[in-house]
Structure formats: structure tokens, C-alpha cells
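Listed below, chain by chain, are the residues.
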Amino acid sequence: MPRPGLPDDPLAAVTAPDPGCPVEITLAVLRGRWTTLVVRELLRGDRTFTELRDALPVLSDKVLSDRLAHLTQAGVLTRHRQPGWPPRTQYRLTRQGHALGPVLQALWDWGAEHHPPSPR
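Residues numbered from 1 in each chain as written. Predicted model: local features only at pLDDT ≥ 70, side-chain atom pairs only at ≥ 80, totals over all residues. Heavy atoms only, no water.

This part takes up the environment of L71. Tracing the chain through its elements places L71 in helix 4 (residues 61-73). A residue is classified by how much of its surface remains accessible, and L71, at 0% relative accessible area, is buried. Note: C-alpha distance between L71 and H115 (44 residues apart in sequence) is 28 Å. Residues in contact with L71, not counting those within four places in the same chain, are V29, T35, V38, V39, V76 and L77. (Helix = DSSP H or I, 4+ residues; strand = E, 2+ residues; numbered from the N terminus. Buried < 20%, exposed > 50% of the residue type's maximum accessible area, 1.4 Å probe, protein only. Contact = heavy atoms within 4.5 Å.)

What follows is the structure, given as C-alpha cells:
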């Protein structure tokens, strides 16, 4: 019987990080500061670039563009360009992207329970 965190899978016995490991795949998708916050905003619903920028005002346009391109390439979101001027681009999570919701919740729950003590 497998124990939590120790899947009964040959990939779980690797002795070095492997890009094919499911955990490494997930971490690669979520890599980079701001990525989890971009996903969080899209879990709330479809957003345009401007709506994302307004929701995360400290995030630079360049980093937001980079994160959106990365998440699109990873298959986590789709990009829909709407006709008209100025052009508007709508971002939407794919089924894979929506599946990150419980992953982010689990990360939040673990961090909330195990945060380091505050410095005095």
C-alpha cells in the first residue's frame, strides 16, 4: 500500500531530478515569481491582459507577458484574440489549468500550517 507522498510508481524511485517526474513537471509549470498569482486570477474566470495587470498592479507588463506565454506553452491556458481596435486578448484556463486549483490550495494549506516563526 503506497504511503502519502510516496507513489507506487517507478519514477518515484529516481535518484536525481528527472524532467519526466510528475512533481518536476508541475513545478516547471508553476516556476517563476507571479505564476501562481496569475493562475489564481484565472481560476476566478477569464481575464484580459488589462484585467490581469489591474489585478496585479505591482507586476510589470513584461513579466506578465512572459508568464502568460509560459502558461500558454505549458497548455495551462488558451489565448483568444478578439477583433477590433484596440485589440483585446482574452486568457482562459484549460482543463489542465483548472486542475491546478487543488494543487495551489494544497500548497497554501501546507504553507499556512508550516510557516516559519516570525523574526523577533
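The discussion continues.
Within the largest apolar cluster, 18 residues are counted, with the highest numbers of intra-cluster contacts made by V38, L42, L64, L68, L71, L77 and Y91. Listed by contribution, the elements that provide at least two residues to this core are helix 2 (35-43), helix 3 (49-55), helix 4, strand 3 (88-93) and helix 6 (100-114). Contacts of L77, omitting those with residues within four sequence positions, involve L42, L68, L71, T72, Y91, R92, L93 and T94. (Core = buried A, V, L, I, M, F, W, Y, C linked by side-chain atoms within 4.5 Å.)

With that out of the way, let us pick up helix 6. In this model helix 6 runs 21 Å from its N-terminal to its C-terminal C-alpha over 15 residues, within 8% of the 21 Å that 1.5 Å per residue would give. Taken together, the buried positions of helix 6 are occupied by L100, G101 and L104. Buried residues of helix 6, seen end-on, are gathered within an arc of 110° and therefore sit on one face of the element. Exposed side chains of helix 6 directed beyond 90 degrees from the buried face belong to P102, W110 and E113. Looking at the buried positions of helix 6, the neighbouring elements they touch are helix 1 (22-29), helix 2 and helix 5 (95-98). (Expected span 1.5 Å × (residues − 1). Arc of directions from axis to C-beta.)

Worth remembering: the numbers are spatial, not functional.
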